[in-house]
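Analysis of the macromolecular model
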Amino acid sequence: MAERVFCVDFGTFYTKVALRSAPQEAGALVPCSDEGLDFWAPTVVSADWTRGEARLEFGHRAADAKPGGKVVVYSNFKRELFAPPPAQGPDLHPIDALLRSEEFEALAAKHGVLPAWVAGLRSLTTSARTLFGTPDASPGGAAARRQEEAKRLTYHYFKWLRECVLKACERLPHTALNYKDIPLRITVPLFGPIETLAQHPGCVRLRDALASAGWPLADPLFVSEPEANAVGILTKAVNALTVRTKKINFREMFNRGPLITVLAGDAHHPTYRALVIDVGTFTSDFAALGIDTCGKEIDTSNGAGFGVTQQSIAFGISDLDATVRAALPDDKRAALNGMARKDFAAFQVSTYSAETGYRIGPGKVIGGSADRPVVESCLAAFCTRLTDETAAFLQQLGPASMQELILTGGGSNIPAVREALIKAAAAVPGAPFVKTHAPGLKKVKAGPPVDPLDDKFARGATALGGASLYFEREYF
């Protein structure tokens, strides 16, 4: 049980950090920039080899670096960390695969080559490749190298992040706390059953990197991104205990919406469901939190909780980026590939959300009116895939008498994506959504309530939710 905890939402594009400084304190996002202004840090590492050895930069400084020459920018290492093994292909180098094959042994026996000589040849080729650094050309070997590199980058990134967080905490009012001893929790995609979350190979690599970086680790260390995101939005980072029993008080924590009507025992609204869709850079996360009261008031002061259905899919804004890149002319594609991460983020906002394109020089715009048909086609295909995934997820769920829809993540800031998801969710048979939460929403006259999420919750809810008492089972 952690009385206080840091929670990191290790996003592919941005990393966010939240702190719960005491059991009943509200979660708060920790500034991560050198200026103390932003609550997120770009998930980027740059290496400058100009002087013969790597000079590493992280976060905002790395996001300013342009790749090329002796500068390498790493911005997708979370995807590599959680990448599945190759679908096919040998794990051995082709030469090793040949020397270890039954066909080679049969050929050696046919020509009188002794088994000891075969073993010596195998050992010789392995030693030679190790000595001279000959790369392993097999798909399995290449994937393993990328994942080991991602693990090293994650270690360096989190070591830097820890220094930034502790420095930021020096400016916080809780001067009596020893922030170095506060354990770390981290949110991760849910690519399989929740029961085996910690055993996912990506989580195993991540745990090793975190331990090496010096963070004390919380128990549980990992919580799923879909569920943490839902909890962050629905509680608005509030934590509450029942004074007498010191158990979680769900009524106080989830008291900011239609759920209260259901918990009060409304016979017309015996069931509640919150559908949460987070469109991120690497993954899109789906979660449905529900409760069935049978129309009777229930006691939520001692940890009565929700039924949760959730999943992550490896499809997000980076897939849209790749499609747009491939569809643009060669010169514009090259310009995008040579951009600093900060500039590419500006291109995304200008092209996908503002629909104005990004100016790269006098009279030169990428994603503007000349490219609009291409961009719109890519966006349409992206939205179709998302709405199909939404429909497939909702097929798992039963009816609910009262529902809320919550859209978060960087993708929810794109009007076309946001509108497609709202339409897809509304098309599913059942009760309408009585409240919708999403950035950029405007109240419609005589329409249901809306919550126009600001960046604190549209982008930071997963970190805030992961720091919640909701995940401290000893308080149930």
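Everything here concerns the structure above.
Described in the following lines is the structure provided in the data block. Here the structure is a predicted model, which is why all the values come from computation and not from measurement.

Time to look at the sheet that holds strand E11 (residues 284-292). The strand order E12-E11-E10-E15-E16-E17 describes an open sheet built from 6 strands, whose pairing is mixed. One side of each edge strand has no neighbouring strand; the edge strands of this open sheet are strand E12 (307-313) and strand E17 (450-452). In this sheet, neighbouring strand axes are inclined to one another by 10 degrees on average, regardless of whether the strands run parallel or antiparallel. Packing of helix H8 (residues 225-235) onto the sheet brings it into contact with strand E10 (271-279), E11, E12, strand E15 (402-408) and strand E16 (433-438), and relative to E11 it is tilted by some 60 degrees.

This next bit is on the nonpolar core. Judged by nonpolar contacts, the single largest core of 46 residues is most densely connected at Leu234, Ile248, Phe254, Tyr272, Leu289, Phe306 and Tyr470. For this core, the element with the most residues is H8, which contributes 5 residues. In this structure, Val8, Ala150, Val165 and Leu190 belong to the second largest nonpolar core, which totals 39 residues.

This brings us to the packing of helix H11 (residues 317-327) against helix H14 (residues 372-394). Between H11 and H14, the least distance of the axes is 9 Å, while the angle of their chain directions is 145 degrees. Viewed along their axes, H11 and H14 form a crossing whose handedness is right-handed. Residues Ile317, Leu320, Thr323, Val324 and Ala327 of H11 pack against Val374, Cys378, Leu379 and Phe382 of H14. Considering only residue class, the contact of H11 with H14 consists of 8 nonpolar, 1 polar and no charged.

Moving on to the environment of Leu464. Structurally, Leu464 is set in helix H17 (residues 461-466). Accessibility expressed as a relative area gives 2% for Leu464, which makes it buried. Sequence separation between Leu464 and Val17 is 447 residues, and the spatial gap between their C-alpha atoms is 7.9 Å. Those residues in contact with Leu464 that lie beyond four places of it in its chain are Ala18, Gly27, Ala28, Leu29, Ala237, Lys456 and Phe457.

Our next topic: the pattern of salt bridges. Applying the stated criterion to the full structure yields 14 salt bridges. Across the salt bridge formed by Arg146 and Glu80, the nearest N and O atoms sit 3.4 Å from each other. Linking Arg146 in helix H6 (residues 139-169) with Glu80 in helix H2 (residues 77-81), this pair joins segments that are 66 residues apart in sequence. Owing to a relative accessible area of 42%, Arg146 belongs among the partly exposed residues under this scheme. The class of Glu80 is partly exposed, set by a relative accessible area of 26%. In this structure, Glu389 and Arg385 form a salt bridge, with 2.9 Å as the shortest nitrogen-oxygen distance. With Glu389 and Arg385 both in helix H14, this residue pair falls 4 residues apart, about one helical turn. Each of the salt bridges in this network shares a partner with another, and the network as a whole consists of Arg20, Arg185 and Glu472.

Structurally, Thr283 can be placed in the loop between E10 and E11. Residue classification places Thr283 among the buried residues on the basis of a relative accessible area of 4%. A distance of 3.3 Å separates a polar atom in the side chain of Thr283 from a polar atom in the side chain of Asp285. In this view, Thr283 contacts Pro189, Phe191, Glu225, Asp278, Ile313, Ala314 and Phe315; residues no more than four positions away in its chain are not counted.

This part covers H11. Within the sequence span of H11, burial applies to Ile317, Ser318, Leu320, Asp321 and Val324. Take H11 and look down its axis: the buried residues cluster within an arc of 155 degrees, on one side only.

Taken as a whole, this structure holds 20 aromatic pairs when the rule is applied. With a centroid separation of 6.5 Å and an interplanar angle of 35 degrees, the aromatic rings of Phe10 and Tyr157 are classed as tilted. With a gap of 147 residues between them, Phe10 in strand E1 (residues 5-10) and Tyr157 in helix H6 connect regions that are remote in the sequence. You'll find Phe10 and Tyr157 in the same group, each marked buried. Taking the centre distance of 5.5 Å and the plane angle of 35 degrees together, the rings of Phe344 and Phe347 count as tilted. With a gap of 3 residues between them, Phe344 and Phe347 both fall in helix H13 (residues 341-353), about one helical turn apart. For the residue pair Phe344 and Phe347, the accessibility class agrees, reading buried in each case. Each residue in the set Phe10, Phe58, Phe77, Tyr157, Phe158 and Trp160 is aromatic and connected to the rest through ring pairs, giving one cluster. Sitting above the plane of the Phe315 ring, Arg385 keeps its charged end 4.2 Å from the centroid.

Cut-off values and rules
Residues numbered from 1 in each chain as written. Predicted model: local features only at pLDDT ≥ 70, side-chain atom pairs only at ≥ 80, totals over all residues. Heavy atoms only, no water. Pairing = 2+ DSSP bridges. Helix = DSSP H or I, 4+ residues; strand = E, 2+ residues; numbered from the N terminus. Axes fitted to C-alpha atoms, helices over the stretch in contact; angles between N-to-C directions. Contact = heavy atoms within 4.5 Å. Core = buried A, V, L, I, M, F, W, Y, C linked by side-chain atoms within 4.5 Å. Buried < 20%, exposed > 50% of the residue type's maximum accessible area, 1.4 Å probe, protein only. Left-handed = near helix turned anticlockwise from the far one by under 90°. Nonpolar A, V, L, I, M, F, W, Y, C, P; charged D, E, K, R; others polar. Salt bridge = Lys/Arg side-chain N within 4 Å of Asp/Glu carboxyl O. Polar contact = N/O pair within 3.5 Å; in protein donor to acceptor, adjacent residues only side chain to side chain. Arc of directions from axis to C-beta. Phe/Tyr/Trp six-rings, centres within 6.5 Å; stacked < 30°, edge-to-face > 60°. Lys NZ or Arg CZ within 6 Å of the ring centre and 35° of its normal.

In short, the description is geometric, and any link to function would need to be established separately.
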